[in-house]
Amino acid sequence: MYRIKRNKLTELFAAISEAQDLFLPLRKCDQTNYGLWSQEEAFDLDTLKTVKSAKDCFFPQSEVLYRCKTEGGKLSIDPQKLCDRDFVVFGMRACDVKAVEVLDNVFLNEPVDTFYAARREHGTIVSLACHEPEETCFCKNFGIDAAKPGADVETWFIEDSLYWNPLTEKGEALTAAVSELLENAEDSADKAVEEEQESIRSIIDKLPLSHLDLSKFKPENTMELFDSPLWEEMYKPCLACGTCTFVCPTCQCYDIRDFDGGKNGVQRYRCWDSCMYSDFTMMAHGNMRTSQMQRFRQRFMHKLVYYPANNDGLYSCVGCGRCVSKCPASLNIVKVIKKLGGEA
């Protein structure tokens with residue numbers, strides 16, 4: 001176990017960014033989101049939840065796949081280079097760390113997504129425990145421990161110090177690279193961390209959404225849940241805006257499009273898509289889901305039933321609470337769980 005004083009974090013970040021890119025929560029326009037850190041940027045590690053998760057670092061909202069150009073009657077195709085530079089993502093919460101596991105199951109299984117795989121190979125995650133979880137948090141329902149966030153290095157803020165615990169080879173390598181700034185924590189460090197963990201778990205246990213009943217969301221209940229008349233009641237306030245998708249750390253759907261740059265050729269790129277949109281999965285004959293109710297149902301059936309059925313019980317929700325706080329119509333997965341689970 002190591003530690004570093006809070007007032008030396010800028011030195012730590014500078015040391016990390018000398019050799020590799022560093023992404024961490026930055027405060028801009030009164031919002032906190034992950035971005036590439038530099039000395040001019042104001043970092044914010046006190047805000048519990050960034051507006052969007054750090055998913056962007058591994059699965060960007062938009063990325064070019066290749067470029068095509070015709071010149072002199074000849075067609076040239078220039079594939080986008082894969083990520084080949086090491087980087088660190090600092091400050092990810094336990095829910096967002098778990099979300100990367102969900103994405104891994106999608107993008108690292110055959111056929112492997114080479115763009116995502118390259119970023120995972122070069123990326124090191126430094127997690128940060130949640131000192132004061134909020135009322136919109138419900139990660140405990142999915143077996144996530146906000147007090148022990150895991151990843152390559154896990155950290156805790158306790159009073160004026162950041163406690164640092166490497167867990168993997170990547171974590172050990174990063175620790176060695178910044179060892180001059182880290183000091184060995186005293187013998188009382190383990191006790192201080194344990195007390196902090198107990199405090200976090202105590203808060204989590206008292207949160208209003210920490211004890212949801214997920215017992216009904218099992219593969220054997222798929223058709224019963226799918227055919228439930230409650231969907232017709234639940235979907236009606238939905239605006240189909242896609243906000244829930246874009247703030248969600250586990251959503252992985254994307255569209256592939258072409259941009260015609262004229263003489264500069266054509267760029268083929270992919271960008272995040274949303275199952276809430278009417279043109280999602282549009283094919284030559286039309287859309288297989290013709291109503292907003294069907295699209296609404298697909299989103300939550302996938303997260304609570306389809307995905308866990310195909311991934312050893314791992315839900316495609318991590319209880320981060322972003323959809324709870326950001327949906328303009330006050331719709332979210334918690335309401336679906338309560339309604340279909342039979343809770344009043």
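About the criteria used
Residues numbered from 1 in each chain as written. Predicted model: local features only at pLDDT ≥ 70, side-chain atom pairs only at ≥ 80, totals over all residues. Heavy atoms only, no water. Buried < 20%, exposed > 50% of the residue type's maximum accessible area, 1.4 Å probe, protein only. Helix = DSSP H or I, 4+ residues; strand = E, 2+ residues; numbered from the N terminus. Arc of directions from axis to C-beta. Contact = heavy atoms within 4.5 Å. Pairing = 2+ DSSP bridges. Axes fitted to C-alpha atoms, helices over the stretch in contact; angles between N-to-C directions.

Participant: What is the right way to look at helix 4 (residues 169-177) in this model?
Facilitator: Two residues of an α-helix separated by three or four positions point the same way, owing to the 3.6 residues in each turn. Every buried residue of helix 4 is listed here: Gly171, Leu174 and Thr175. An end-on view of helix 4 places all buried positions within 100° of arc, on one side of the element. More than 90 degrees from the buried face of helix 4, the exposed residues found are Glu169, Ala176 and Ala177. Against strand 1 (2-5), helix 1 (9-19), strand 6 (87-92), strand 7 (123-128), strand 8 (153-158) and strand 9 (161-166) lie the buried residues of helix 4.

Participant: Explain the pairing of strand 4 (residues 62-71) to me, please; I cannot follow it from the model alone.
Facilitator: Put simply, side chains in a regular strand alternate between the two faces of the sheet. As paired elements, strand 4 and strand 12 (residues 266-272) share six bridges and run antiparallel to each other. In the sheet register, Tyr66 faces strand 12, and the bridge partner there is Arg268. Two strands pair when backbone bridges link them, and strand 4 and strand 5 (residues 74-79) are joined in this way by six bridges, in the antiparallel orientation. Looking across to strand 5, one finds that Arg67 is bridged to Asp78. Linking strand 4 to strand 5, which pair antiparallel, is a turn of two residues; within it Gly72 sits at a positive phi near 65°.

Participant: Can you help me understand the sheet that holds strand 4 in this one?
Facilitator: Backbone hydrogen bonds are what pair the strands of a sheet, in a parallel or an antiparallel way. Strand order in this open sheet of four strands is 5-4-12-11, and the pairing throughout is antiparallel. Looking at which strands have only one partner, the edges of the open sheet turn out to be strand 5 and strand 11 (254-260). Mean inter-strand twist for the sheet, computed between neighbouring axes without regard to direction, equals 20°. Packing against the sheet, helix 3 (residues 114-122) makes contact with strand 4 and strand 12, and its axis sits at approximately 125° to strand 4.

Participant: Would you mind going over the sheet that holds strand 1 with me for this structure?
Facilitator: Overall, mixed pairing links the eight strands, which are arranged 3-2-6-7-8-9-1-10 in an open sheet. In this open sheet, the two edge strands, each paired with only one partner strand, are strand 3 (31-36) and strand 10 (183-184). Lying over the sheet, helix 3 contacts strand 6 and strand 7, oriented at roughly 65° with respect to strand 7. Here helix 4 sits on the sheet in contact with strand 1, strand 6, strand 7, strand 8 and strand 9, set at roughly 130° to strand 9.

Participant: What is the right way to look at the pairing of strand 12 in this model?
Facilitator: Examined bridge by bridge, strand 11 and strand 12 share seven bridges and lie antiparallel to one another. Bridged to Ile256 within strand 12 is Arg270. Between strand 11 and the antiparallel strand that follows it, strand 12, lie five residues; Gly262 among them carries a positive phi value of about 65°.

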